[in-house]
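Observations on chain architecture
Residues per chain are reported as follows:
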Amino acid sequence: MNKLVISTSSFDVDNNPHIQHLQNEGMHIAGNPYKRKLTEDETIELLGTETVGMIAGIEPLTERVFASAKKLKVISRCGSGLDSVDLAAAKRYGIAVLNTPEAPAQAVAELTMGLILAALRRICQIDRQLRAGEWPRTQGQLLAAQSVGIIGLGRVGRRVARLCQAFDAKVMAHDSYVSQSPQGIELVPLEKLLAESDIVSLHLTYDADTHHLLNGETFARMKPGAVIINTARGGLIDETALAEALTSGQLGAAALDVFEQEPYHGPLIKCDNAILTSHIGSLARESRLRMEIEAAENLWQGLIKAGLMRDG
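Quick look at the structure, then.

Rules behind the numbers
- Residues numbered from 1 in each chain as written.
- Predicted model: local features only at pLDDT ≥ 70, side-chain atom pairs only at ≥ 80, totals over all residues.
- Heavy atoms only, no water.
- Phe/Tyr/Trp six-rings, centres within 6.5 Å; stacked < 30°, edge-to-face > 60°.
- Buried < 20%, exposed > 50% of the residue type's maximum accessible area, 1.4 Å probe, protein only.
- Helix = DSSP H or I, 4+ residues; strand = E, 2+ residues; numbered from the N terminus.
- Contact = heavy atoms within 4.5 Å.

1. Some remarks on the packing of aromatic side chains
Evaluated as defined, the whole model comprises two aromatic pairs. The interplanar angle of 20° and the centroid separation of 4.5 Å between the aromatic rings of Phe259 and Tyr264 together place this pair among those described as stacked. Each of the two residues, Phe259 as well as Tyr264, counts as buried.

Pasting the structure below:
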């Protein structure tokens, strides 16, 4: 019996018509027993040698994984990012790699806006103080009075830019791959964006060129009291340097949904002016449902192209 693996930490198998179809066709479905991001060794163990296709999360899909999973032909990412997949190795092993870039975009953009507003109005800090018996009268800031710098004008970045404009914020952006900006958004060099933005929000992919894009040096060049938002990928920020900048007061606040190592246990946990969420960007019910259905459909179509399923 051919085996399919769903490695995401949560997936609604019972209400996914494409998965039900694959099961009816005799495919055995194996889930993630750990209910968290898998390590490389755990991924190898879960895939075994009989898996022909997988719906992947953000676990490392490396050449070592592909060499072990000898029958693997299709990887369908439940999400947009492919930085966890060694695409060159996948090509060498004849493995098709698919993703769902559109489905999670609105959910991530809305979480970004929630984090921006929470950071500006100190919502999380005030909540903690009130629960501790205090009645704080903390003064926050208006988004309408801020200059927002968007790094990366892809599906999520453009949505965040439009939402910020709806709040009457000034928006500038930097994207090396964009030559014409959306209406009302000024395209600027990265140095200008970092120097002039009150809020910097990251919406770009992670690779060797963007590793620790924001670090101790860049924090020092930013506006005192600036706010950092990262709902894109862990590794874009030097988290130790960020914790130091928050503690020293160079930065006013930060909100992160993604980290270099997840689950996160680093120094930002001790920073009262840091808002930390557990990689929940795509976990809005409507977006998650669409993403899971698209991922399963991609897997199904990939298996058909690989000759492992019949069409129809």
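Read on, since the account is not over.
2. Topic: the environment of His265
Of note, His265 is situated in the loop between strand 11 (251-256) and strand 12 (274-276). A relative accessible area of 70% means that His265 is categorised as exposed. A sequence separation of 186 residues divides His265 from Gly79, and the C-alpha atoms of the two residues are 24 Å apart.

3. Re the environment of Ala88
Here Ala88 is to be found in helix 4 (residues 87-92). Counting along the chain gives 26 residues from Ala88 to Thr62, while the straight-line C-alpha distance between them is 9.6 Å.

4. Overview of the side chain of Ser282
Mapped onto the elements of the fold, Ser282 is located in the loop between strand 12 and helix 11 (285-305). Beyond its immediate chain neighbours, meaning those up to four positions away, Ser282 contacts Pro104, Ala107, Val108, Ser287, Arg288 and Met291.

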